[in-house]
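Coordinate analysis (summary)
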There are 2 protein chains.
Amino acid sequence: MKYALGIDIGGTEIKIALINRSGVIKELRRVPHNTPSDAKTVIDGLVNLIISLLKSAGMSIRDLEGIGVASAGDIDYKKGIVRFTPNFGWRNVPIKKYFNRYFKIPIVTDNDANAASWAAYCIEFKQKIDNLICVALGTGVGGGLILNRKIFHGATGTAGEIGHIVIHPGGEKCNCGNYGCVEVYIGAKYGYIVNTAKKEILSGRKSIITELINNDFSILTPKIITMAAKQNDSLAIEVLKKAGSELGIALANVVNLLNPEAIVLAGGISKSGKYILDPVKETIKKCAFKTPAEKVKVVISKLQDKLGVIGAGCLILYPY
Amino acid sequence: MKYALGIDIGGTEIKIALINRSGVIKELRRVPHNTPSDAKTVIDGLVNLIISLLKSAGMSIRDLEGIGVASAGDIDYKKGIVRFTPNFGWRNVPIKKYFNRYFKIPIVTDNDANAASWAAYCIEFKQKIDNLICVALGTGVGGGLILNRKIFHGATGTAGEIGHIVIHPGGEKCNCGNYGCVEVYIGAKYGYIVNTAKKEILSGRKSIITELINNDFSILTPKIITMAAKQNDSLAIEVLKKAGSELGIALANVVNLLNPEAIVLAGGISKSGKYILDPVKETIKKCAFKTPAEKVKVVISKLQDKLGVIGAGCLILYPY
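Reading the values: the criteria
Residues numbered from 1 in each chain as written. Chains lettered and ligands numbered in written order. Predicted model: local features only at pLDDT ≥ 70, side-chain atom pairs only at ≥ 80, totals over all residues. Buried ≥ 20, exposed ≤ 12 C-beta atoms within 10 Å, placed from the backbone. Helix = DSSP H or I, 4+ residues; strand = E, 2+ residues; numbered from the N terminus. Pairing = 2+ DSSP bridges. Domains from an automatic or database assignment. Least-squares fit on C-alpha atoms with pLDDT ≥ 70 in both. Contact = placed C-beta atoms within 7 Å. Axes fitted to C-alpha atoms, helices over the stretch in contact; angles between N-to-C directions. Nonpolar A, V, L, I, M, F, W, Y, C, P; charged D, E, K, R; others polar.

Considerations on the pairing of strand S2 (residues 13–20) of chain A
Residue and element names in this part refer to chain A. With 6 of its 8 residues buried, S2 lies for the most part within the structure. Across 7 bridges, strand S1 (residues 3–9) lies against S2 in antiparallel orientation. The residue bridging Ala-4 from the neighbouring strand is Ile-19, located in S2. What sits between S1 and S2 in their antiparallel hairpin is a turn of 3 residues.

Re the domain arrangement of chain A
Residues and elements named next belong to chain A. For chain A, the assigned domains read domain 1 (3–122 + 306–317) and domain 2 (128–302). Using C-alpha coordinates to define each centre, domain 1 is positioned 27 Å away from domain 2. Per-element tally for the side of domain 1 that touches domain 2: the top contributor is helix H3 (residues 112–124), with 7 residues.

Let's talk about the relation of the copies chain A and chain B
For the pair chain A and chain B, the superposition axis carries a translation of 0.0 Å, the fit reaches an RMSD of 0.0 Å, and the rotation angle comes to 180°. What the superposition gives is, in effect, a two-fold axis relating one chain to the other. Of the interface residues in chain A, 100% have counterparts in chain B that sit at the interface too, so the contact is made through matching surfaces.

Description of the sheet that holds strand S2 (residues 13–20) of chain B
Think of a sheet as strands paired side by side through backbone hydrogen bonds, with each pair either parallel or antiparallel. Residue and element names in this part refer to chain B. In spatial order, the strands read S3-S2-S1-S4-S8; together these 5 strands make up an open sheet with mixed pairing. Here the strands that pair on one side only, and so sit at the sheet edges, are strand S3 (25–32) and strand S8 (107–111). On average, each strand axis in the sheet is inclined to that of its neighbour by 15°, with strand direction left out of account. Pairing between strand S1 (residues 3–9) and strand S4 (residues 64–71): 6 bridges, direction parallel. Paired with Ile-9 across the bridge in S4 is Ser-71. Each of S1, S2 and S3 is contacted by helix H1 (residues 39–56), which is oriented at about 35° to S2, the strand it contacts most. Sitting on the sheet, helix H2 (residues 95–102) is in contact with S4 and S8, with an inclination near 150° to S8.

A word on the environment of Arg-83 of chain A
Residues and elements named next belong to chain A. Mapped onto the secondary structure, Arg-83 falls in strand S6 (residues 81–85). Taking the C-beta count within 10 Å as the criterion, Arg-83 has 17 such neighbours and is therefore assigned partly exposed. When sequence neighbours within four positions are dropped, the list of residues in contact with Arg-83 reads Asp-74, Ile-75, Asp-76 and Asn-92.

Things to note about the interface of chain A and chain B
Counting residues at the interface gives 35 residues for chain A, matched by 35 residues for chain B. Residue classes in the side of chain A that touches chain B are distributed as 18 nonpolar, 13 polar and 4 charged.

This is the structure we're talking about:
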C-alpha cells in the first residue's frame, strides 16, 4: 500500500495525516496554528510531529511516497514556495526547501482550495470525469478548478476565485475591495446569513431561532439556523434558501463558462445539507443553459474538513 | 508552405478562405447564408465554391492539409457533427461526413467562437502564452476559452458562454430566458447601447448624434455612436463607457476565475476601439484581484471578422 503524508496549513489549525490512495486516513494529528506565525518555527515543529506520527503508525520516512503541503494563500506550486499568505504573515516561504532539509523525499505544495478540489476529484469522483469545480465555503469562499483532469492554476496561480464572482454590482462591500462578491452573501466572516435572520426576528418575525439562542443573538450561527430549519422553521429555511440562491447565481455563471461535470461544495454552510444544496441546484437550473445545467452534478463533499489534508496527500499519490 | 481551407458558417454569411500557418489569407470568398437553410444543400454549394477557389489559387485539393469548419451553435467537435444551431435550423448535421464524401482529406469542425479564440491564440499571440479568452461581440456575445494551450470544451462542448454571465440578477430579460446577462447590455440584437443614447437625447440631452442621424433614430447604430465619440461627443463617450463597464464586470469575474494571460475582444462593438477597451480595462482593474488583473492583457483583435475563418484554418494547421 502506498502512503503519502498530507499537511493542511490553515489559519487556525494545521492538520497532518497519513493518506493512502483510497483517500483513507491512517493517522491524523491536528495542532493549533497561532497566526501570524514564523514559518520556519512552524515547519520545524511540523517536522517533529511528522516523526512522532510515523513512529506511532509503525512507519518510517522511507515508507512515504512523499509529502504534500496544502496552504492557504498565493502559492508557487512549481517552485514549492508560499508566495504570500496575509493571514499567516508569510511571504516567500520556500516550503519545499525547508522540508527537504529534513526529508529527502518528494515534496509538493499547492493552494489549499486546489488540494481540496484534487481530493474531491481523485477520491470522491475517482478521476472518472474530466472537469470538477470545488467550492470551499468557510470564513471566506475559495475555489479550485479541475479542468481536463488537471488542477488549473491560470497564468499566475490565482485561478479559481469563485468567491469573488460579483453577483450584485454595487452591492455589499467585500474584503477584496470590490462590491457584491458572492463571498459577502455566504462567507461566514461577513455574517450575512446570521444578520438576515436577526433582522427578521427583530422586526417581529416569529421563529424558533429565538428559543434556540435564548434571545442572545451573539451566539447565533448558521449551524443554529440549520438546526431551526431541520425543525421546519420557515424563517430559517428561507434564510438558507436565500443564501443558496446567491451561491447558485455565481455557480450558474461557472456552469455556463466552464461546463463542468461536477461541482462539489465543502465546508461551513455546506453542512446545512439540502437547505443549501436544493436552492443552489434550483438556481443553476433556472439561470444556466439547459445542456450544461442538466449535465452538472452538484454535491456536498463527504470528506468535508478533511478534504484539504487528503488533497495534500493526493498531490503526491496522484501526480498532476 | 502549408495551407488549409477554412470555412466559417455564420447566420447571414459563409466565408471560405485559403489560410497559411501565419494566418495569412491567400484567397477569400464570401457567400450569403439565407437561414433557415438545408444543410446538405448548403454544403453541396460550398463544395463547388471550394473547387472554384482552389482553381483560381492554382492549387488542388492535394495541396491542402485539410478543411476546418467553424459553425455557430452546439458542435460535437470529436465526431464532426453540428448538433444544434437554432438560427440555421440545423440539427445533427454530420459536417465531417458530408465533406469527406467529396474530399478525402482531414476535416475538423468546431464552434465559431472556439475557432476565433484558436486564431487569436495561434496567430495574434503566436502560441506564446498558456491561457486566452476570446470574446466575440456581435448580435449576441460568444466566447472561447484557450486553457493550458488547448481549446477548452467542457463536459458537453458548451464551455465559454461569456455572454451569459449574469451581471445584474433580476435585470433586463435575455433571450436565453434568464435576466441580466451581460449579452443584454452589449449584444447588438438587444439595442441597449442605441436605446440608452436615444433615451438620453429624447429627454433633452444635447449630442451631435442628433445631427449624424438627421433626427431619424431608426438609423442609429453603435457605429454612429462611435463616430460621435470620435468627435468628442460627451453623451456618446458616456454611453460606450457604460457598455464597456458592463462588459468589464463580466470579464473581471472571468479574470478572477481563470487568471488568463490575455483577453481578446472581437466583432461589433469592439470596433469602437478605446471607447470600449478603456472602460473594460478600468473595470477589470477596479473589480478583479490585483495579481491576475495586472497580468491580463486586454486587446482588440486585429483580425476582427476574419478571426472565425482564419481560426477554422488554424484548427487544421495547429492541431489541438
